[in-house]
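# Working through the structure, step by step
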Amino acid sequence: MTACASPSPTTGHGNEAGQGHDDSEEGAPGDGKQKRSTSPPGCVITADGSYGARLALAGDDSWFPERWTLDGPEPYAVPLPANQPEEPGTEVLPLTDGRVLIHRLAAERHLFSLLYPTGPGTGELLLGAVECGDPTTELRLLPPSPCGEWAYALAVGRSSTTVWLVAGGAFGPERVAEVPGRCSGGVWLDGAGRLLALDRESDGRTKTVVVDLEGGEVSPLLQIADDSDDRLLLADPDSGLLLISSDAPSPGHDRLGWGVLGSTLPVRFPECLRVPDDHRMTPFAIQPGQILTPERCAVALRVDSARGSWVGLWRPASRQVHHLPAPEGWLTGAGLWTRDGVLQLPYATKMVRCGVARVGVPWGDEPDACEPPHGEPEHEGAVGVVPACEGALPGVRGAPGAPGTPGTPGTPGASGGVGAPSASGVGALGEPGAPGESGGRVVPIGAVGAVGTTELSPEPEPEPEPEGGGGVAGGLAVAARPVPLQQAPLEGRVSEEVTVG
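A quick note: this is a predicted structure, and the numbers were derived from the prediction, not measured. (Residues numbered from 1 in each chain as written. Predicted model: local features only at pLDDT ≥ 70, side-chain atom pairs only at ≥ 80, totals over all residues. Heavy atoms only, no water.)

### A closer look at the overall build of the protein chain
Secondary structure assignment for the protein chain yields one helix and 33 strands. Burial statistics for the protein chain: of 501 residues in total, 54% are counted as buried. Residue pairs in contact within the protein chain that sit at least 24 positions apart in sequence constitute 53% of those at least 6 positions apart. When the accessible surface of the protein chain is split by element, carbon and sulfur atoms take 51% of a total near 20,700 Å². (Helix = DSSP H or I, 4+ residues; strand = E, 2+ residues; numbered from the N terminus. Buried < 20%, exposed > 50% of the residue type's maximum accessible area, 1.4 Å probe, protein only. Contact = heavy atoms within 4.5 Å. Areas by Shrake-Rupley, 256 points an atom, 1.4 Å probe, with all protein chains shown as cover.)

### Regarding the nonpolar core
Counting residues in each nonpolar core, the largest one holds 18 residues, and the members touching the most others are Leu243, Leu273, Leu301 and Trp314. If you list the elements that add at least two residues to this core, you get strand S21 (241-246), strand S22 (255-260), strand S24 (280-286), strand S25 (299-305) and strand S26 (308-314). (Core = buried A, V, L, I, M, F, W, Y, C linked by side-chain atoms within 4.5 Å.)

### Description of the sheet that holds S26
Spatial strand order, S24-S25-S26-S27: four strands in an open sheet with antiparallel pairing. The strands lining the two open edges of the sheet, one partner per strand, are S24 and strand S27 (322-324). Across the sheet, the mean angle from the axis of one strand to that of its neighbour is 30 degrees, orientation sign disregarded. Across six bridges, the pairing between S24 and S25 is antiparallel. When the bridges of S25 are listed, alanine 285 appears paired with alanine 300. (Pairing = 2+ DSSP bridges. Axes fitted to C-alpha atoms, helices over the stretch in contact; angles between N-to-C directions.)

### A look at the environment of glycine 181
Looking at the secondary structure, you find glycine 181 in the loop between strand S14 (174-180) and strand S15 (182-188). Since its relative accessible area comes to 14%, glycine 181 is described here as buried. A sequence separation of 22 residues divides glycine 181 from aspartate 203, and the C-alpha atoms of the two residues are 9.2 Å apart. Ignoring anything within four residues of it in the chain, the contact list for glycine 181 reads Ser159, Ser160, Thr161, Arg200 and Glu201.

### Overview of the sheet that holds strand S5 (residues 62-69)
Overall, antiparallel pairing links the four strands, which are arranged S3-S4-S5-S6 in an open sheet. Looking along the sheet, the strands with just one partner apiece sit at the ends: strand S3 (44-45) and strand S6 (76-79). Judged from the two bridges that link them, S3 and strand S4 (residues 51-58) form a sheet pairing that is antiparallel. Note on S4: the bridge partner recorded for valine 44 is alanine 53.

### Examining the packing of aromatic side chains
Under the criterion given, the structure shown has two aromatic pairs. Pairing tyrosine 152 with tryptophan 188 gives two aromatic rings, centres 5.4 Å apart and planes at 55 degrees, and the pair type is tilted. Taken together, the residues tyrosine 152 in strand S12 (residues 151-156) and tryptophan 188 in strand S15 connect sequence positions 36 residues apart. Grouping residues by exposure puts tyrosine 152 and tryptophan 188 together as buried. (Phe/Tyr/Trp six-rings, centres within 6.5 Å; stacked < 30°, edge-to-face > 60°.)

### A few points about the pairing of S22
Every regular strand shows the same layout, with side chains that alternate between the two sheet faces. S22 sits mainly inside the fold: six of its six residues count as buried. On S22, burial covers both faces: Arg255, Gly257 and Gly259 on one face and Leu256, Trp258 and Val260 on the other are all buried. One ladder, built from six bridges, connects S21 with S22; its direction is antiparallel. For isoleucine 244, the partnering residue across the bridge sits in S22 and is glycine 257.

### Regarding the pattern of salt bridges
This model, assessed by the stated rule, comprises 15 salt bridges. Across the pair arginine 205 and aspartate 229 runs a salt bridge whose closest N-O atoms are separated by 3.9 Å. Remark: aspartate 229 occurs in the loop between strand S19 (222-223) and strand S20 (230-235) and arginine 205 occurs in strand S17 (residues 205-212); sequence separation between them is 24 residues. Classification of arginine 205 by relative accessible area gives partly exposed; the value is 32%. You can call aspartate 229 buried: its relative accessible area is 5%. Between aspartate 230 and lysine 207 there is a salt bridge; the shortest N-O distance is 2.9 Å. Placement of aspartate 230 in strand S20 and of lysine 207 in strand S17 is noted, with a sequence separation of 23 residues between them. The network of salt bridges with shared partners includes Arg54, Glu66 and Arg353. (Salt bridge = Lys/Arg side-chain N within 4 Å of Asp/Glu carboxyl O.)

### Describing the confidence of the model for the protein chain
Counting all residues, the mean pLDDT for the protein chain is 73, and 65% of those residues have values of 70 or more. Per-residue pLDDT stays below 50 along residues 7-37; that stretch engages in 97 contacts with residues further than four places along the chain or on separate chains. Every residue in residues 367-496 is under pLDDT 50, and counting partners more than four places away or in other chains gives 291 contacts. (pLDDT = per-residue confidence, 0-100.)

### Topic: the pairing of strand S9 (residues 109-118)
In terms of strand pairing, strand S8 (residues 100-106) meets S9 through seven bridges, oriented antiparallel. Note that in S9 the partner of arginine 104 across the bridge is leucine 111. The hairpin turn running from S8 into S9, its antiparallel successor, is two residues long, and alanine 107 in that turn takes a positive phi close to 60 degrees. Relative to strand S10 (residues 121-131), S9 runs antiparallel, the two being bridged by 10 bridges. Counted as the bridge partner of phenylalanine 112 is glycine 128 from S10. In this structure, the hairpin formed by S9 and S10 is closed by a connection of two residues, where glycine 119 is found at a positive phi of approximately 65 degrees.

### Quick word on unusual backbone geometry
Its identity as a non-glycine residue notwithstanding, alanine 107 has a phi of 60 degrees, on the positive side. On the basis of relative accessible area, alanine 107 is assigned to the exposed category, the value being 76%. The backbone phi angle of aspartate 203 is positive, close to 55 degrees, even though this residue is not glycine. Overall, the relative accessible area of 79% leaves aspartate 203 in the exposed class.

So, in C-alpha cells, the structure goes:
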C-alpha cells in the first residue's frame, strides 16, 4: 500500500444545488442477533459542531458535496459541486476551518481533496492518493478528529489494519500506525485526537484496543469475557462515559451497555437499552461538558426497525429511554448535543433545504420508580447492581407506552408527555404513530423561521457515585494507555439490569 501526494489547487464549476437528500440507506433489522453497525449517518458533523458535510442530490441522480454552517444564529448550506457529479458512495468530512475533505475511489486508488467555496465555483486542493495493491483492502474515513484540523482514514487489509493521516500532514497522506488484525469502528478517547479506539477481530473474537497515534502503541481496552465480542460504540472525553456493545450478558445477542474510562466499576447493561430482535439501537451523540458526572450525560440513540428510524434519549441516571419521532427529513444518524443538554438534529426537506431541530428533555420530570429503594446503596459491592423499572412488557422493558411503565398514561405518577411534535406520539416499541410518551420537545429552526427556544426543566443534583479509587476519567488524564475494562466477579442478585465486568 503506497501513498502519493499531488498538491495543486484547481477551481471547477459544477451542478446547480438541489434539494437536500438523505443519502443513507436503511439496512434490514436484526435477525436474532443485533447488528454490529448501521448505515452511515446522512451528515457528518465536526466535533465542535461548527460545520457539517453531506452528499446531496441534484435532480434524479447527480450527487454533489454540500457544507452546512451550524455555529451561527441560523444554519445555512453551501453547495460544493466539482466538474462532474460524484459517485453515491463518495465520503465527505468537514474540517473546522470550513473546508470539506472528499474521498473518491478510482480503480484501486483512493483520492483525497479539500473543497472550499470560491465565489461562483468550487476550489479544490488535491492532497494525494493512497494506492491499495490488494483489491480486498477496504479504506474509509474515520469520524472527525476532536481538534478538527486533521482527518484520518482506516485501511483494513487481510491480516492488518493501517491508520492513515489523509488531511493535515505536511506531504500528503501519511501512514501513522499499523494494527495487527482486521479492525472496525473508530472512536476518539481524548480531546487532542491522540488516542483512537478500534474494534479488532482476532481468533474469531472482537475486542476493543487503543492505538496511540503518536507512538504507535496498541493496548487493550475492552476485555469483558474471554468468549465475548466487545465493541466500543461511542465515548465522551469530558466525563469518560463509554457506550459499549457486547454479547457477554446474553450470548448470541449483542447488548448495549455503559462504563466509565478509568473507573473501578464494571460495565453495566441496563434492561431499558435492550430491544427486540427486529429492532436495532445505536448511540450517535453524547452530551459534553459533564466533568466527573458521567451518569448525567444525555445520550442520543438511533432506533431502527422495519418501519423506519426514530430517536431515543437516555442517560445512565434515568434508567429509561424516551422515544420520540425524528423530525421530517432527518439526516438519519446525525446529531450533536450542546453542553446545556439540547440535542440538535439536522434535517432537509423540499421546503427547508438546511434546518436543525432542537430537542430538550425535562429529566427532572421523570418519576423515581427506577431509583434504588431508600437506604440501599446504588451499587452492591463491586458489581453495581441497580433495581430497574417494574411492570414493563416482556422484551420491551422500560419502553414508553407499556402498561406499568413510568410516564405512561394511566400509571400513577405519569407525566403524560412533554410537548411532542406529533399528536400521536410514540408507542410501546417507540414506533411513530402509536399512542404514548414522546419524551421531548422539538423546535425546528432553519430557512423558514426564527431560532426557537427549548425550555428545560430544572434537574435535581444527583448523589455522587460511590466509586472506590480512581477518578472518573482517570484513564485519560494519566497516560496514553487507559486501564482496560475487564471481568469482575458477580456478587449478589442481578435484577433487570445486567452487570458484567
